[in-house]
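Results of the structural survey
Each chain, written out:
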Amino acid sequence: MTLLTIEKLAKRNADTLVFPSFDLQVDASVVAAIHCHVNIREMLIHIIEGSFQPSEGYISVNGIHILDRQFAREIGICTLSEGYYERLTILDHLKFYKDVYESDFLIEDVALILGLKDQLHHRLTKCSLSEVKRVQFSRLLFADPKVIVFEEPLQNVDLETHRIFINFVEYLTLKGKAVLILTGNMESALTVTDRVYRLGEEGLIPYEVEEDSTDSSLDTEEVITEVPAELISVQQVRFEKIPAKVNEKIILFSPTEIDYIESSDGSANIMIDGESYPSDFKMNELEERLLPYGFYRCHRSYIVNLQRVREVITWTRNSYSLVLDDRDKSNIPLSKTKMSELKGMIGLK
C-alpha cells in the first residue's frame, strides 16, 4: 500500500531551479532516503510543512492532498531546527507530547524504545545533543502519523543514538509506517536503507546499491580461505602513486595517505583527511591497484583502507558499518555479503 506519493514536484525561485520535477512513492513498511544538497533538503521540508508552495506538482499522504487540512495529521516531520524547552526535563517533554496528541502510548515504553529510561529526570540543559535528538524522535511516537520524514537524523549524534535510530526506524516499519529520510550524508542513508535516491539537477536518480556479481560456485568457506592468501602481497614494497585532480593540477597520493574511496554519480572520489579528490580511475581499477596496500571493497560504492578501521559495528543483523580512525571518524557502510568475508580476513569467527 502506497502511503507517500510525490508527483511531478518541482521548485523554482525566480529564474533559479531549486530542484527539477520528480516522482516518488513510498509504501507502508518501507524506508527511502533522498541524498541532496542542503538547499534542496530545506526547500523540501518547507514544502512538506506548508510554509512554501511548490512551483508544480503535489504531495499526498494516504490519499490526502497536501492542501487538505487532514494532511498534517497524517505526516510527522523531525527537523534539525526542532524546538524544545531547555529548562524542562525529558519526562516533562514526554508528558507534554502525550497530552498534546492525546496518545495512548505509555511514557515508559517510549523511554525504553529511545534509550531515555535513565535520563527521564534530566533537564534538557544537562543532556547531550544526542539525547536531545532522541527526545525529538519521541514526539513522533506520540503523534503516530502514517508517514514520517526525518531531516538529517544522524547529524552529530553519538554511536549509541545511531544504533537507537536504526532500531527505531525498524520499529516504525514493523508498525506499517512509511519513512523518508532527507540527508546530505550518503553513509548514514546506507546504514538505514538500501532504497536511496539522489536529487539534483538531473532529477531523482536511484542509487545503485546491489552487490557485484560473484561466482556462485564458491561457498563462504572457500572465499574466506582464499582472501588472506591474496593479502600476502601487502608485504611487498610498491611505490605506485594514485593520481587525483585538484583544480588544474594532478596530485600523486601515496596509498597510505588515503582513508577511503567513495563512488558518487559514477565517479570515484579519494578521501584524505576529510577532503575529497576526484579520480579518473573507476572503482574496479582502484580496487585492483590498492589491494596490495591493504584496501578492501567493503561495499559496491566504497573501498576502505583497512589500516584506518577502528571499529566494526553491527547495527542490526543486516546492517553493518566500519568506523575509521580518521579526522572525521568516518562511518562507512559494510554490505551484509561482505561481513563474513571481512571476519575471515581479520581472524574473527
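Before any of the text, the structure's been laid out above.
Presented here is an overview of the structure given in this document. What you see is a predicted model; the values in this text were computed from it and never measured.

Along the backbone of the protein there are 10 helices and 20 strands. Taken against the 2.2 N^0.38 rule, which gives 20 Å for 349 residues, the C-alpha radius of gyration of the protein at 22 Å falls within 12% of a compact globule. Reported as C-alpha extents along the three principal axes, the dimensions of the protein are approximately 65 × 50 × 40 Å. Sorting the 349 residues of the protein into buried and exposed places 49% on the buried side. Within the protein, residue pairs in contact and separated by at least 24 positions form 64% of the contacts whose partners lie at least 6 positions apart. Surface summary for the protein: the accessible area is close to 18500 Å², and the carbon and sulfur share equals 48%. Distance between charge centroids for the protein: 4 Å, based on 38 positive and 56 negative side chains.

With that out of the way, let us pick up a nonpolar patch on the surface. Where nonpolar side chains cluster on the molecular surface, the patch consists of Tyr 85, Leu 88, Phe 96, Val 100 and Tyr 101 and spans about 470 Å² of accessible area. One can find Leu 88 in the loop between β6 (75–78) and α3 (90–100). Residue Leu 88 is classed as partly exposed on the basis of its relative accessible area of 33%.

Enumeration over the complete set of coordinates arrives at 11 aromatic pairs. Considering the side-chain rings of Phe 150 and Phe 168, the 6.2 Å spacing of their centres and the 75° angle between planes classify their relative orientation as edge-to-face. Separated by 18 residues along the polypeptide, Phe 150 in strand β7 (residues 147–151) and Phe 168 in helix α6 (residues 159–174) bring together distant segments of the chain. A relative accessible area of 0% places Phe 150 in the buried class. Feature note: the residues Phe 137, Phe 150, Phe 165 and Phe 168 constitute an aromatic cluster, connected by ring pairs.

In terms of burial, strand β8 (residues 178–183) is largely enclosed, as six of its six residues are buried. Here β8 shows no split at all, with Ala 178, Leu 180 and Leu 182 on one side and Val 179, Ile 181 and Thr 183 on the other all buried. Two elements, strand β3 (residues 31–35) and β8, share five bridges in a ladder whose sense is parallel. Residue pairing for β8: Ala 32 is matched across the bridge by Leu 180. Two elements, β7 and β8, share five bridges in a ladder whose sense is parallel. If you follow Phe 150 over to β8, its bridge partner there is Ile 181. Once the chain exits β7 it traverses α6 before rejoining the sheet at β8, and the crossover so formed is right-handed.

A word on the side chain of Ser 301. Tracing the backbone through its elements, the reader meets Ser 301 in the loop between β16 (295–299) and β17 (302–305). The exposure class assigned to Ser 301 is buried, which follows from its relative accessible area of 4%. Polar side-chain contacts of Ser 301 include one of 2.6 Å to the side chain of Tyr 207.

A few words on unusual backbone geometry. One non-glycine residue, Asp 144, lies in positive phi territory at about 55°. Position of Asp 144 relative to the elements: it lies in the loop between α5 (129–143) and β7. Owing to a relative accessible area of 48%, Asp 144 belongs among the partly exposed residues under this scheme. With a phi close to 45°, Glu 152 is a non-glycine residue in the positive phi region. Following the sequence through the fold, Glu 152 ends up in the loop between β7 and α6.

Attention now moves to the layout of surface pockets. Taken as a whole, the largest pocket holds about 1200 Å³ of empty space. Lining the largest pocket we find 48 residues, and of these His 35, Gly 184, Asn 185, Met 186 and Glu 187 sit closest to its centre. Looking at the lining of the largest pocket, the elements with two or more residues in it are β2 (16–27), α1 (38–49), α6, α7 (186–192), β9 (196–200), β10 (203–206), β13 (260–264) and β14 (267–272). Counted by class, the lining of the largest pocket contains 17 nonpolar, 18 polar and 13 charged residues.

Overall, the coordinates contain one cavity of 30 Å³ or more when judged by the stated rule. Size it by volume and the largest cavity reaches roughly 30 Å³. Contributions of two or more residues to the lining of the largest cavity are made by β1 (2–13), α1 and β8. Partitioning the lining of the largest cavity into residue classes produces nine nonpolar, no polar and no charged.

Definitions and cut-offs
- Residues numbered from 1 in each chain as written.
- Predicted model: local features only at pLDDT ≥ 70, side-chain atom pairs only at ≥ 80, totals over all residues.
- Heavy atoms only, no water.
- Helix = DSSP H or I, 4+ residues; strand = E, 2+ residues; numbered from the N terminus.
- Rg over C-alpha atoms; globule rule 2.2 N^0.38 Å.
- Buried < 20%, exposed > 50% of the residue type's maximum accessible area, 1.4 Å probe, protein only.
- Contact = heavy atoms within 4.5 Å.
- Areas by Shrake-Rupley, 256 points an atom, 1.4 Å probe, with all protein chains shown as cover.
- Lys, Arg positive; Asp, Glu negative; His and termini not counted.
- Charge placed at Lys NZ, Arg CZ, Asp CG, Glu CD.
- Patch = residues over 30% accessible without salt bridge, like charges linked within 9 Å, V, L, I, M, F, W, Y side chains within 5 Å.
- Salt bridge = Lys/Arg side-chain N within 4 Å of Asp/Glu carboxyl O.
- Phe/Tyr/Trp six-rings, centres within 6.5 Å; stacked < 30°, edge-to-face > 60°.
- Pairing = 2+ DSSP bridges.
- Right-handed = clockwise from strand over helix to strand, strands pointing away.
- Polar contact = N/O pair within 3.5 Å; in protein donor to acceptor, adjacent residues only side chain to side chain.
- 1 Å grid on protein atoms, 1.4 Å probe; cavity = no way out; pocket = protein on both sides within 12 Å on 5 of 7 lines; lining within 4 Å.
- Points joined across faces, edges and corners; volume = space filled by probe spheres on them.
- Nonpolar A, V, L, I, M, F, W, Y, C, P; charged D, E, K, R; others polar.

Distances and angles like these do not, on their own, reveal function.
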